[in-house]
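# Analysis of the macromolecular model
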Amino acid sequence: MNALIHRLRATGPLISRIVAALFGGYAVAALSSVAVLALPMTKPQAVLTGMLASFAIYAGAVIWVFAVRSALKAWAGLIVVAVPLSLAAWSVS
Amino acid sequence: MKTDNDVQVAGRGIRQSMSSLHTWAGLLLGWILYAMFLTGTVSYFKDELSQWMRPELPRLSQIPDQAVVAQRIADELSDIAPGTSQWSIRLPDARNNSVYAFWRTPAGNPGGRGFGEANFDPATGQRVTSRGTLGGEFFYRFHFQFHYMPVVWGRWLAGAAAMFMLVAIVSGVITHKKIFVDFFTFRWGKGQRSWLDAHNAFSVFGLPFHFMITYTGLVTMMALYMPWGERVAFKNPAEQQQLNAELSAFIQPGKPSGQKVPLASVEDMVRQAQERWGRDNVGRVNAVHPGDAAARVAVTRGEAGRVSMSPQYMEFEGTTGKLLAVREDVGAAAETRGVLYALHLGRFGDTVTRWLYFLVSFMGTAMVGSGLVMWTVKRRQKLPDPDRPYFGFRLVERLNIASIAGLSIAMTAFLWANRLLPHPLEGRANWEIDLFFIVWAFTLLHALVRPAKSAWVEQLWAASALLFLLPVLNAVTTQRPLWHSLAEGDWVFAGVDIMCWALAALHAVLAIRTARQETRSQFRRKTSREAPTAVASGGAAG
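Overview of the structure. Just so it is clear, the model here is predicted, and its values are computed rather than measured.

### A word on the overall build of chain A
A tally of regular secondary structure across chain A gives three helices and zero strands. Along its sequence from the N terminus, chain A presents helices and strands in the succession α-α-α. Taken against the 2.2 N^0.38 rule, which gives 12 Å for 93 residues, the C-alpha radius of gyration of chain A at 16 Å runs more than 25% over that of a compact globule. The principal-axis extent of the C-alpha atoms belonging to chain A is close to 60 × 20 × 20 Å. With 93 residues in all, chain A has 43% of them scored as buried. Of all intrachain contacts in chain A linking residues separated by at least 6 positions in sequence, the fraction that spans at least 24 positions is 73%. A total accessible area of about 4,900 Å² is found for chain A, and carbon and sulfur atoms account for 77% of it.

In structure tokens form, the structure reads like this:
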């Protein structure tokens, strides 16, 4: 039991980061691709801009997640970015 | 796995974190990436490969008049697919000696995929009677949607692999503090160092290309991967159509009137497009509800001579041939997407440009391959017992052999199957593909049962032999042997034959180099531990 807890302690933050990178990163990219609709552009151009930029944002999020010092900080960063994006996305939906 | 040190990223410098990220993002889908890179690389010559795989079809010494051909195929399609709601014809050009067309089949057609497709002889308008084959199209489709799985799954898998690649590229660059200096460093015959230097050289030299090709690859299918903006923005089909019109030249099929009126002269429509874009620069002819009073025809501009896939087309009323509209530009974001898409496909270029694409892309393949091999080279030195490595190590080692050397064998076997399978044969095109996978599976089996180094050497030699003998097989089984192609100036056939020999030589060199390298355990027995870092692995390719 103790050994299990120890293992979890050791790998937990890493798993947390992997989840943050795969799903958190995608979520931020997806949110930003919707948030673009708030920009003063025609709808088709805004939609395409959002799609085009999303992969750069996704990649940037993944780099962020593994570059910072702790898993907690990784999540915090994603959330800080996600909040305004969500507001912008919510305003256009 | 025994690499906890590599995995733990907390509390370390950014460079180590990025190094670990680079290693694992590159490895996890690395085998898929390698296959995508190699099949994608050869796809820059997919039209040429398709010609080679249909040897019965004579080469076009000059491009036929596209207007005449379009009319011919349109007539043929009205026989083959009467009452279709839509058809599309790709006209022959400098690289295609056949005409490809597809058409929608009525819903509820038994066993139907919803559409039919065929290649036609531009001279007669008849379906080509050459052997059943998917040609170079197989590698092209495999490159982004694989096989034996629903197309959408394959495309998602390709997207995931591309995203991993993008992360691997960015983290790889951050890892590298001396990226420019390292490019000019090469330490031959120094085992791990040499692998690292080779990997760096392949990566850094082609870096802009590798980054471009990965990002634009994602862009080609971005609507699948990131549909959310589209879902939120468009509330009805009419709005959705505004977006579609920015992306392709397919006209939205309205309601058919039910009144039968034959199509006006397609030849005249293409003639007008030729006047606008040049004689040989018409791409496709798309028709909706042909044969109905509500028919519309779009004639699109070819892909040559402009670096964009954005739709440019002339729209005609189907029954009268009256020009309704000319569309030659799209919005800024759509044009950006069109340019990125075109950069990925590289179809805008002439032969020289395509060769450059091929070479740099080949370098990208070598980058992925050397990266995969490096994973084992690096860890082999730290193995507690080199004769009995742990499971993860053996797995990577064996998968590397089958996905690198094995893929060369399988791809060549596909071309052998094209020459050896009887013709006609029911489902011949699928047999070629099945054989590709059967051979590939055998290489994996071989890699699992043989010692790693022997497996590498044997498979590299097998690939070399198959490649070397392919022009011989071609000479024996077709009327177009190499000397004939050279005399005729048929550079498609001569090119494929000569390329086979060049690749055979490359595989032979790799096989010889791999065979010469000593494994660590052998090395240890012979010498002391004076220079442990100077030892290469048994695995070598790329």
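Read on for the rest.
### A look at the interface of chain B and chain A
Buried accessible area, meaning the area lost when the parts come together, often serves as the stated size of an interface. Contacts between the two partners involve 43 residues from chain B and, on the opposite side, 31 residues from chain A. The three residues of chain B that bury the most area against chain A are B:Y215, B:M222 and B:M226, which together make up 20% of that side's buried surface. If you look at where chain B meets chain A, you find one salt bridge. Salt-bridge contacts for A:K43 lead to B:E239; the nearest nitrogen and oxygen are separated by 3.5 Å. Where chain B touches chain A, the interface holds ten residue pairs in polar contact (both at pLDDT 80 or more). Counting only elements with at least two residues in the side of chain B that touches chain A, the list comes to α2 (14-28), α7 (151-175), α10 (207-220), α11 (222-225), α12 (228-233), α13 (237-247) and α15 (332-345) of chain B. The element contributing the most residues to the side of chain B that touches chain A is α7(B), with eight residues. Grouping the amino acids of the side of chain B that touches chain A by side-chain chemistry returns 31 nonpolar, eight polar and four charged.

### Points about the pattern of salt bridges
Residues and elements named next belong to chain B. Scanning all chains against the criterion turns up 21 salt bridges over all chains. In this structure, R271 and E267 form a salt bridge, with 3.0 Å as the shortest nitrogen-oxygen distance. A residue pair is termed a helical-turn pair when its members lie 3 or 4 positions apart in one helix, as R271 and E267 do in helix α14 (residues 266-277) at four residues. Classification of R271 by relative accessible area gives partly exposed; the value is 28%. Across the pair E315 and R296 runs a salt bridge whose closest N-O atoms are separated by 3.7 Å. Residue E315 is located in strand β6 (residues 313-317), and its partner R296 is located in strand β5 (residues 296-301); the two are separated by 19 residues in the primary sequence. A single network of salt bridges, built from pairs that share partners, joins K46, D47, E48, R95, E117, E137, R141 and R354.

### Focus: the side chain of B:R398
Residues and elements named next belong to chain B. Considering the arrangement of structural elements, one finds R398 in helix α17 (residues 391-420). Residue R398 is classed as buried on the basis of its relative accessible area of 15%. A distance of 2.6 Å separates a polar atom in the side chain of R398 from the backbone oxygen of R450. Residues contacting R398, with those up to four places away along its chain left out, are L444, A447, L448, R450, P451 and A452.

### Things to note about unusual backbone geometry
All names here are of chain B. In this structure, P424 follows H423 across a cis peptide bond, with omega equal to 10°. Of note, P424 is situated in the loop between α17 and α18 (428-449). Even without being a glycine, F146 presents a positive backbone phi close to 60°. As for its position among the elements, F146 is in the loop between α6 (137-145) and α7. Residue F146 is classed as buried on the basis of its relative accessible area of 9%. Of note, the phi angle at Y148 is positive, near 60°, even though the residue is not glycine. When you line up the elements, Y148 lands in the loop between α6 and α7.

### What to know about the pairing of strand β4 (residues 282-288) of chain B
Put simply, side chains in a regular strand alternate between the two faces of the sheet. All names here are of chain B. The buried fraction of β4 amounts to six of the seven residues, a majority that puts the element mostly inside the structure. Judged from the five bridges that link them, strand β1 (residues 86-90) and β4 form a sheet pairing that is antiparallel. From the neighbouring strand, S88 faces β4, where its bridge partner is N286. Where β4 lies against β5, five bridges are found, and the strand directions are antiparallel.

### Structural notes on the packing of helix α5 (residues 66-80) of chain B against α14(B)
Residue and element names in this part refer to chain B. The N-to-C vectors of α5 and α14 enclose an angle of 150°; their axes lie 8 Å apart at closest approach. Comparing the axis directions of α5 and α14 gives the class roughly antiparallel. Crossing handedness for the pair α5 and α14: right-handed. Across from Q66, A67, V68, A70, Q71 and A74 in α5, the residues of α14 making contact are V266, E267, V270, R271 and Q274. When the residues that make up the contact of α5 with α14 are grouped by side-chain class, the tally is six nonpolar, three polar and two charged.

### Quick look at a nonpolar patch on the surface
All names here are of chain A. Nonpolar side chains collect at one region of the surface, where I15, I18, V19, L22 and F23 lie side by side and expose about 430 Å² of accessible area between them. The residue I18 is located in helix α1 (residues 2-35) in this model. Judged by its relative accessible area of 38%, I18 falls in the partly exposed class.

### Observations concerning the sheet that holds strand β3 (residues 115-120) of chain B
Residue and element names in this part refer to chain B. Overall, antiparallel pairing links the seven strands, which are arranged β3-β2-β1-β4-β5-β6-β7 in an open sheet. Of all the strands in the sheet, just β3 and β7 (323-327) have a single pairing partner and so form its edges. Direction aside, neighbouring strands of the sheet carry axes that sit 15° apart on average. Note that β5 and β6 share five bridges and pair antiparallel. Its bridge partner being in β6, R296 is matched across the sheet by E317.

### Things to note about the environment of B:T39
All names here are of chain B. Following the sequence through the fold, T39 ends up in helix α3 (residues 30-43). Between the C-alpha atoms of T39 and V219, which are 180 residues apart in sequence, the distance is 19 Å. The contacts of T39, once residues within four sequence positions are left out, are F139, F142, H143 and M411. At 2.7 Å, the side chain of T39 forms a polar contact with the backbone oxygen of A35.

Thresholds, definitions, all that
Residues numbered from 1 in each chain as written. Chains lettered and ligands numbered in written order. Predicted model: local features only at pLDDT ≥ 70, side-chain atom pairs only at ≥ 80, totals over all residues. Heavy atoms only, no water. Helix = DSSP H or I, 4+ residues; strand = E, 2+ residues; numbered from the N terminus. Rg over C-alpha atoms; globule rule 2.2 N^0.38 Å. Buried < 20%, exposed > 50% of the residue type's maximum accessible area, 1.4 Å probe, protein only. Contact = heavy atoms within 4.5 Å. Areas by Shrake-Rupley, 256 points an atom, 1.4 Å probe, with all protein chains shown as cover. Buried area = accessible area lost by both parts, 1.4 Å probe. Salt bridge = Lys/Arg side-chain N within 4 Å of Asp/Glu carboxyl O. Polar contact = N/O pair within 3.5 Å; in protein donor to acceptor, adjacent residues only side chain to side chain. Nonpolar A, V, L, I, M, F, W, Y, C, P; charged D, E, K, R; others polar. Pairing = 2+ DSSP bridges. Axes fitted to C-alpha atoms, helices over the stretch in contact; angles between N-to-C directions. Parallel < 35°, antiparallel > 145°, perpendicular 65-115°, else oblique. Left-handed = near helix turned anticlockwise from the far one by under 90°. Patch = residues over 30% accessible without salt bridge, like charges linked within 9 Å, V, L, I, M, F, W, Y side chains within 5 Å.

Function-wise, these values are silent; they only describe arrangement.
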